[in-house]
Amino acid sequence: MKTTIDQVSNHVGKEVTIGAWLSNKRSSGKIAFLQLRDGTGFIQGVVVKAEVSEDTFQAAKSLTQETSLYVTGTVAEDTRSPFGYELQVHSLEVIHEAVDFPITPKEHGTEFLMDHRHLWLRSKKQHAIMKIRNEIIRATYNYFNESGYVKIDPPILTGSAAEGTTELFHTQYFEEEAYLSQSGQLYMEAAAMAFGKVFSFGPTFRAEKSKTRRHLIEFWMIEPEMAFMDHEESLQVQEQYVSYIVQSVLDNCKLELNTLDRDLTKLEAIKAPFPRITYDDAIKLLKEKGFEDIEWGEDFGAPHETAIAESFEKPVFITHYPAAIKAFYMKPDPERPEVVLCADLIAPEGYGEVIGGSQRIDDLELMEQRYKEHNLTGDAYQWYLELRKYGSVPHAGFGLGLERTVAWISGVEHVRETIPFPRLLNRLYP
Ligand code: 4AD
Ligand code: MG
């Protein structure tokens, strides 16, 4: 019977055939251990010379790395392996022999691996990270669908900038100039006025000359937007959603977390509510932690975020940033207009900002004033103003960066390993 590795537990003691690739091999005169993978998982195939034909044993011994084959054998429980099963091989049929696969079990440099990303994706670690990414995506859809949100897809080609004009990718749109979307937010605000609670999940682009472990040029963002919700209510959605995805990964990706040696106690602690600290208090905390030069009004960099996160076991919200260092659409705090009703969610363990969110300005006059201050002239933004003209309501939303979230939950150092084909400052290949 033909099956896949993730299904072998249903076939213990039975003969099955699996289409697979050889990821690694060890053999002696009497036995060969084949590390097999088929995309759904990894399993060890054991070929015992005394129990198979001479041809089969010789074929097993001469298999090269990444050769594709059909393997037939009996599924057996194996308590020594983390997977719990092995395959006692009876016969095998080579589909295609791979010659000189470039990524061998020895250590390779990062640039070499990145140049071979199309092949590197086959490795056990990369497989585990992508499965966790997939689980976070699945959990995201579950969470928002179960909570009454409508998925809305904002455009990728736009005429307006959501997050400032310096990081835009420009492109020609027939006779007009267009940009690749940096955020779907402005469109999601229009959608919230039509559907109440909405979320998007799509690619976004930032032409940022940043070369850090947290920055990609192309990344995926989940952007919920909620009508009739204020800043505080939005924080509650954020902490519940993040707790939900962490729990889903803990429940459904045990093997992958194990492959990555992830410290599970750190993830098990991630339960709502999350701590909150104002920007003002964050400045005080930073001064206590040795950043004596930081002044009120300055934005935080990665070292500041890491230092703040160190004081907490859970993700922490930094709220009420100065208006001057945040986006034009954020609503000023009515009690203190120099700060805005916003929050960044900083992940623990040095993974930095995973969410940026805010309550939005709903007053037409104030939005018009912000337009002037930010030189947002021209027709491209008129439609956004009109949202404040026809039944404006308090509303709030946020954007969660998928890759930074995958990096944090998986415990991998750099975001380049959290997306199948990373786009980085100096990389468009493969
Ligand atoms: O803080 P940002 O820029 O917020 C927005 O774009 C808002 N319009 C979202 C909203 O309110 N709907 O980006 C949101 C998140 C960040 O917290 C970070 O996780 C991720 O997107 N992000 C990046 N991830 C990888 N590479 C980059 N260059 C990123 N820039 C932002
Ligand atoms: Mg931000």
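The numbers attached to residues start from 1 for each chain and follow its sequence in the written order. Lettering for chains starts from A, numbering for ligands starts from 1, and both go in the order in which the items are written. Reporting in this predicted model follows two pLDDT cut-offs: at least 70 for local features of residues, and 80 or more for side-chain atom pairs to be given and counted; totals over whole chains, interfaces and linings ignore these cut-offs and use all residues. The side-chain figures draw on all heavy atoms in the structure; neither hydrogens nor water molecules are used.

### Details of unusual backbone geometry
Note the cis peptide between A272 and P273, where omega equals 0°. Each helix is a run of H or I in the DSSP string that is no shorter than four residues. Each strand is a run of E no shorter than two, and both are numbered from the N terminus. Mapped onto the elements, P273 comes out in the loop between helix 8 (264-268) and strand 13 (276-278). Residues Y429 and P430 are joined by a peptide bond in cis, for which omega reads -5°. As for its placement among the helices and strands, P430 is situated in the segment after helix 13 (402-410). With phi around 55°, N375 is a residue other than glycine that occupies positive phi space.

### Regarding the packing of helix 9 (residues 279-288) against helix 10 (residues 302-309)
Fitted lines through C-alpha atoms give the axes, limited to the stretch in contact for helices. The angle between two N-to-C directions lies from 0 to 180 degrees. With their axes 10 Å apart at the nearest point, helix 9 and helix 10 run at an angle of 90° to one another. In this view, helix 9 runs roughly perpendicular relative to helix 10, as classed from their interaxial angle. Contacts between helix 9 and helix 10 pair A282, L285 and L286 from the former with H304, A307 and I308 from the latter. Angle categories: roughly parallel below 35 degrees, roughly antiparallel above 145, roughly perpendicular from 65 to 115, and oblique for all the rest. The contact definition used throughout considers only heavy atoms, calling two residues in contact when any of these lie within 4.5 Å.

### Some points on the pattern of salt bridges
What counts as a salt bridge is simple: a side-chain nitrogen of Lys or Arg found within 4 Å of a carboxyl oxygen of Asp or Glu. Enumeration over the complete set of coordinates arrives at 25 salt bridges. Of the charged contacts in the structure, one is a salt bridge between R133 and E403, with a shortest N-O distance of 2.9 Å. Of this pair, R133 sits in helix 4 (residues 124-146) while E403 sits in helix 13, and the two are 270 residues apart along the sequence. By the burial criterion, R133 is buried, and E403 matches it. Measuring nitrogen to oxygen at the nearest pair gives 3.3 Å for the salt bridge that ties K284 to D281. Of this pair, K284 and D281 both sit in helix 9, three residues apart, which is roughly one turn of the helix. Residue K284 is classed as exposed on the basis of its relative accessible area, which comes to 52%. The classification of residues rests on relative accessible area computed with a 1.4 Å probe and restricted to protein chains. Under 20% of the type maximum is buried, over 50% is exposed, and intermediate values are partly exposed.

### Concerning the site of ligand 1
Nearness is defined per residue: one heavy atom within 4 Å of the molecule or strand is enough. Around ligand 1 there are 22 residues in total, and E163, Q185, R206, E223 and E353 lie nearest to it. Two N or O atoms count as a polar contact when they lie within 3.5 Å, although within protein this holds only if one can serve as hydrogen donor and the other as acceptor, and sequence-adjacent residues are included solely when both atoms are side-chain atoms. Take S183: an N or O atom from its side chain is 2.9 Å from a nitrogen atom of ligand 1. Here V354 contributes a backbone N or O atom positioned 3.0 Å from an oxygen atom of ligand 1. Burial of ligand 1 by the protein chains amounts to 93% of its free accessible area of 630 Å². Counting only elements with at least two residues in the shell around ligand 1, the list comes to strand 12 (218-227), strand 18 (352-359) and strand 19 (395-401). Per-residue and other accessible areas were derived by the Shrake-Rupley procedure at a 1.4 Å probe size, with only the shown protein chains allowed to occlude residues.

### Focus: the domain arrangement of the protein chain
Just so you know, the domain bounds were taken from an automatic or database domain assignment. As far as domains go, the protein chain holds domain 1 (2-96) and domain 2 (117-417). Contact residues are listed per partner, giving nine residues for domain 1 and seven residues for domain 2. At the boundary of domain 1 with domain 2, total buried surface from both sides reaches about 600 Å², with 59% on carbon and sulfur atoms. We define buried area as the total accessible area lost by two parts upon association, computed with a 1.4 Å probe and summed across both. The largest share of the area that domain 1 buries against domain 2 comes from R37, F42 and P82, three residues that together contribute 59% of it. Here domain 1 is connected to domain 2 by one salt bridge. Note that R122 is salt-bridged to E66, the shortest N-O span being 2.9 Å. Where domain 1 touches domain 2, the interface holds two residue pairs in polar contact (both at pLDDT 80 or more). Each residue is assigned to one class: nonpolar for Ala, Val, Leu, Ile, Met, Phe, Trp, Tyr, Cys and Pro, charged for Asp, Glu, Lys and Arg, and polar for all the others, Gly among them. Across the side of domain 1 that touches domain 2, the residue classes break down as four nonpolar, three polar and two charged.

### Regarding helix 9
Considered for burial, the residues of helix 9 that qualify are Y279, A282, I283, L285 and L286. What you see down the axis of helix 9 is that its buried residues fit within an arc of 165°, all on one side. Residues of helix 9 that are exposed and point more than 90 degrees away from the buried face comprise K284 and E288. Contacts from the buried residues of helix 9 go to strand 13, helix 10 and strand 14 (316-319). Positive phi shows up at G290, right after helix 9, with a value of about 105°. Of all possible arcs, the one meant is that of the directions from the helix axis to the C-beta atoms.

### Section: the packing of aromatic side chains
Working definition: a ring pair exists when centres of Phe, Tyr or Trp rings (six-membered ring for Trp) sit within 6.5 Å. Plane angles under 30 degrees give stacked, over 60 give edge-to-face, the rest tilted. Counting across every chain of the model gives 23 aromatic pairs. Geometrically, the ring pair formed by Y141 and F201 is edge-to-face, given 6.2 Å between the ring centres and 85° between the ring planes. You can see Y141 sitting in helix 4 and its partner F201 sitting in strand 11 (residues 197-205), a full 60 residues away along the chain. You can call Y141 partly exposed: its relative accessible area is 28%. Since its relative accessible area comes to 12%, F201 is described here as buried. Seen in terms of ring centroids, F144 and F199 are 5.1 Å apart; in terms of plane orientation they differ by 25°. Their pairing is stacked. Taken together, the positions of F144 in helix 4 and F199 in strand 11 put the pair 55 residues apart, joining distant regions of the chain. What makes F144 buried here is its relative accessible area of 0%. Three or more aromatic residues link up through ring pairs in this structure, and these residues are Y141, Y143, F144, Y149, F199, F201, W220, Y241, Y244 and F398.

### What about the sheet that holds strand 10 (residues 176-180)?
For two strands to count as paired, DSSP must find a minimum of two bridges between them. Taken together, the three strands give an open sheet; going across it, the order is 8-10-9, and neighbouring strands pair in antiparallel fashion. Strands with a single pairing partner mark the edges of an open sheet, and in this sheet they are strand 8 (157-158) and strand 9 (170-173). Inspection of the sheet shows strand 9 paired to strand 10 by four bridges, in the antiparallel sense. Each residue of the ladder has a partner; that of H170, found in strand 10, is Y179.

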